[in-house]
Amino acid sequence: MSTAELADLLAQVRAGDSDAWGDLYGQYAPAIFRFCRRALPTREDAEDATTEIFMKVRQKLGMYDSSRPFTAWLYKVASNHCWDTLRRRRIRQDLETGDLETLPLEHPDPSQLEQLQMDHDSKHVRAGLAKLPDRARMALVLRYYSEMSYDEIADTLGVRRAFVGVLLLRARHQLRDVLAESGGGLQGAVARGRS
Amino acid sequence: MSHFDEMTCLLYLEGQLDADHADGVRTHAAGCAECRGLLRALQTESVWLRESLEADDESVPARLVQAPEHGGAPWGWISALGLSAGGAYTLWSGFIEPWQAQAAQAGFTQGNLLTMLFFSGAFWKGWDAMRSLMEFLAVGTLGLVVMWLLRRHLRRTTALAVVMGALALMVALPPSAGAAERRTGDPNYSLPAGEVVHTDLIVYADSTRIDGDVEGDLIAFSRNVTVNGHIKGDIIAFSQELRVNGPVDGNVRAFVQNLQLYGTVTRNVLAWAGDVNLDQDARVNGTLTAGSGHLEMNGKLAGDLLAFTGDADINGQLGRNASIRAGHLTIGSKAEISGQATAQLRRPPDVSTGAKLGSPLDWTITKSGPETRYSSARYYVHHVLRWGASFLFGLVLLFVVPGFFFDAVKACGKTAPAIGFGILFLFAIPIAAIIVCITVVGLGVGISAMMFWAIAIYAAQVLVGAWLGEKILGEGAGAGAALGRLALGLAILRALGMLPFLGGWISFVVVIWGIGAVALAIYKNMRPQLAAAAVAV
């Protein structure tokens, strides 16, 4: 869909055209569902969230600044919604992320890390992601799936920008540990001390 | 040779280092195989993560094929909250209050102020139309809750069938009869002797005179209200003066300047008034709760007396206990108190030697003033307890509504807007609530608004305290850290509040600040709906 076509479609949705709304939904709902599927722990959560996000989009469309890419705005709405959903379920910065603060950061052995990547395909990674704490999973999805900037991630997750890098690195460590554990015998092998 | 750490390497790869720092990494990596290896591994991991995340191995579910047409989930929650209140009322009036009434008949009279003020269904009793509506809404609420819980197991058609079935069932049930007559004075209203109103009577008039009988409740919004007839329900009056000469089978709830009781009240009297006077011919079979400037009790009171008053003169008969907090208390020679009497006073009481007391009057002097307060250990214990209570409230807030809690704490950082909104809301909500209360239908809304306002005032110190703790200790991670910061902030605020002269002002500013933060947090959550409404307009 070209930029002009999209602008025309959005104008029709703003004017209350149900068919245009259906077209817009049909165009973007699959992508948003896929995003939610990665950001939220279960498929049912993702289904509910997709519906709720599009209800929000319809309400908020008047606030959309057409000088910005629509998809970026859409993902911003989606990520905010997913994070709100997660934090309503449990205390934000809960104990699991509190534990992260004290987790020793050992540097990986590059060869073991590469071996880990070879041993696990996308299904393993997705399964591993589901086992991560909410904030760690969100950080990885926002960065490596939605390609958000550090500023956008900080804004969405409500953390300082300087903390985003730490968050991502910790999340990578956790994912490595989860995958190593599921792989059997690899736990701890990917990490080693380095002076 | 020292290597760069993994964090620095990741930030380098992600383009997050400044130019000088990035050059340093690049130069070092050119001559360091170990760091090059780490950089390569991290880079590969990034690509691997992206590819794994982008891999599409799931189809879009069928239920998402059709675009959603309706939004407004927050409004749904607001409605559900209101309906839940209806459900709570129904539970109270349908089950608990009858049980309480039986207990009262068995001799266990109502002595709990909270119960009497906020939960006693007698305040609403007799508003059958309102009650029916509330019950209907409560059933609806329960239905909605069940639907929500089962939403994943119900197909759309099934849900529709359940809703329609429930509605049909409710319509088929025999509705409870109930109505109210409304009378507006021109400018005065009078119900002549011999006339009977068979339902509730709601009167708006400059002056109201009831010589006839009312079989339901009498609800009056009037400058002067005089009741000579027989009221079989309750009297609820908002007026300058209320004079009750005739018998009342229910309760008297008076929000007036001057209450004069000459007749018999079968149940209880609750009065917020400038002056409350029970004449020697007056008789109250239940309890008397009075918040007043002056209380004169010359009649007979079968139940308990609970009074917060400037001055109290007791020269009548009390069948049970008396608990009085007053500037001064006089117990005359004709007074008879069968139960125990306790009093907190500013001055020693005057107790006539002719007074008949079941047990000696237990009275204490309440002193005020910084010099007496600060030398009392009780004062500090009291503050520690209040600190504990506010911390407990914060704990509940944090675990029940964490999102709102953090939003409101964050909003405290916007000092100027928070204080601005705080001033606005501190005064605007009570005024709006009073205006809403003037219309009978809005009475529930007005009282709810006032309760929300009171809760917001209490929550203010918690939110500002949490913000203050975070400012001092920095942002923390985890519930434990948040609670630690809350505890510290509340302790500081309580200590500041104890300062002579300044303390009161500081507490006042904290209240304004916190209320403003609550308003900002609410606004943040409501903004999408407001924007949508603006677009719709």
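All values derive from a computational prediction rather than experimental measurement.

### A short note on the overall build of chain B
- Looking only at helices and strands, chain B features 14 helices and 21 strands.
- By residue count, 33% of the 537 residues in chain B fall in the buried class.
- Here the analysis covers contacts within chain B between residues at least 6 apart in sequence; of these, 31% occur between residues at least 24 apart.

### So, the overall build of chain A
- Summing up its helical and strand segments, chain A has ten helices and zero strands in all.
- Of the regular secondary structure in chain A, the N- to C-terminal order runs α-α-α-α-α-α-α-α-α-α.
- A buried classification covers 43% of the 195 residues belonging to chain A.
- Sequence-distant contacts in chain A: of pairs separated by 6 or more residues, those separated by 24 or more amount to 67%.

### Considering the nonpolar core
Residues and elements named next belong to chain A.
- Residues Ile32, Cys36, Cys82, Met138, Ala139, Leu140 and Ala171 are the most contacted members of the largest nonpolar core, which totals 63 residues.
- At ten residues, the largest contribution of residues to this core is made by helix α2 (residues 18-39).
- Every residue in contact with Cys82, bar those within four places of it in the chain, is listed here: Cys36, Ala39, Leu40, Ala49 and Met138.

### Overview of the environment of A:Asp19
Residue and element names in this part refer to chain A.
- Locating Asp19 in the fold gives a position in helix α2.
- For Asp19, a count of 10 C-beta atoms within 10 Å corresponds to the exposed category.
- On a C-alpha basis, the gap between Asp19 and Leu9 in space is 9.7 Å, while along the polypeptide they are ten residues apart.

### Here's the deal with the packing of helix α8 (residues 134-144) of chain A against helix α3 (residues 33-54) of chain B
- Taken N-terminus to C-terminus, the directions of α8(A) and α3(B) make an angle of 90°; their axes are 10 Å apart at the nearest point. Viewed along their axes, α8(A) and α3(B) adopt a mutual orientation that is roughly perpendicular. Seen from α8(A), the contacting residues are A:Leu140, A:Val141 and A:Tyr144; seen from α3(B), they are B:Ser46, B:Leu49, B:Arg50 and B:Leu53.
- Of the residues belonging to the contact of α8(A) with α3(B), the class tally is five nonpolar, one polar and one charged.

### As for helix α7 (residues 122-131) of chain A
- For α7(A), the full list of buried residues reads A:Val125, A:Gly128 and A:Leu129. Along the axis of α7(A), the buried positions cluster into a sector of 105°, meaning they face one direction only.

### Some details on the pairing of strand β16 (residues 322-331) of chain B
Residues and elements named next belong to chain B.
- In terms of strand pairing, strand β14 (residues 305-314) meets β16 through nine bridges, oriented parallel. The partner of Ala312 across the bridge, within β16, is Leu329.
- Here β16 runs beside strand β18 (residues 341-345); their pairing, made up of five bridges, is parallel. By the bridge assignment, Ile324 is partnered in β18 with Ala343.
- Judged from the two bridges that link them, β16 and strand β19 (residues 350-351) form a sheet pairing that is parallel. In the strand pairing of β19, Thr330 is matched with Asp350.

### Section: the sheet that holds strand β17 (residues 336-337) of chain B
All names here are of chain B.
- Across the sheet, which stays open at both edges, the six strands sit in the order β9-β11-β13-β15-β17-β20 with parallel pairing between neighbours. Each edge of the open sheet is held by one strand with a lone partner, namely β9 (264-265) and β20 (356-357).
- As judged from the two bridges shared by β17 and β20, these two strands associate in the parallel manner. Within β20, the residue paired with Ile337 across the bridge is Leu357.

### Structural notes on the environment of A:Met1
Residue and element names in this part refer to chain A.
- Mapped onto the elements, Met1 comes out in the segment before α1 (3-14).
- C-alpha of Met1 to C-alpha of Gln27: the two residues are 26 residues apart in sequence and 9.0 Å apart in space.
- Excluding residues within four positions of it along the chain, Met1 makes contact with Leu6 and Gln27.

### Here we look at the packing of α2(A) against helix α3 (residues 43-60) of chain A
All names here are of chain A.
- The N-to-C vectors of α2 and α3 enclose an angle of 140°; their axes lie 9 Å apart at closest approach. Between α2 and α3, the angle is such that the two are oblique. In terms of crossing hand, the pair formed by α2 and α3 is right-handed. Contacts from Trp21, Tyr25, Ala29, Ile32, Phe33, Cys36 and Arg37 in α2 reach Arg43, Ala46, Ala49, Thr50, Ile53, Phe54 and Arg58 in α3.
- A breakdown of the residues in the contact of α2 with α3 according to their chemical character gives ten nonpolar, one polar and three charged.

### Quick word on the confidence of the model for chain A
All names here are of chain A.
- For chain A, mean pLDDT is 78; residues scoring 70 or higher make up 83% of the total.
- The element-level mean pLDDT for chain A is lowest in helix α5 (residues 95-101), coming to 44, with α8 highest at 89.
- Long-range and interchain partners of residues 184-195, a stretch whose pLDDT sits below 50, account for 22 contacts in this model, where long-range means more than four residues apart.

### Considering unusual backbone geometry
- The phi dihedral of A:Glu147 falls on the positive side, at around 55°, and the residue is not glycine.
- Summarising the element assignment, A:Glu147 is placed in the loop between α8 and α9 (150-157).
- Positioned with a positive phi, B:Phe501 is a non-glycine residue whose angle comes to about 65°.
- Counting through the fold element by element, B:Phe501 comes out in the loop between α13 (479-497) and α14 (502-536).

About the cut-offs
- Residues numbered from 1 in each chain as written.
- Chains lettered and ligands numbered in written order.
- Predicted model: local features only at pLDDT ≥ 70, side-chain atom pairs only at ≥ 80, totals over all residues.
- Helix = DSSP H or I, 4+ residues; strand = E, 2+ residues; numbered from the N terminus.
- Buried ≥ 20, exposed ≤ 12 C-beta atoms within 10 Å, placed from the backbone.
- Contact = placed C-beta atoms within 7 Å.
- Core = buried A, V, L, I, M, F, W, Y, C linked by C-beta atoms within 7 Å.
- Axes fitted to C-alpha atoms, helices over the stretch in contact; angles between N-to-C directions.
- Parallel < 35°, antiparallel > 145°, perpendicular 65-115°, else oblique.
- Nonpolar A, V, L, I, M, F, W, Y, C, P; charged D, E, K, R; others polar.
- Arc of directions from axis to C-beta.
- Pairing = 2+ DSSP bridges.
- Left-handed = near helix turned anticlockwise from the far one by under 90°.
- pLDDT = per-residue confidence, 0-100.

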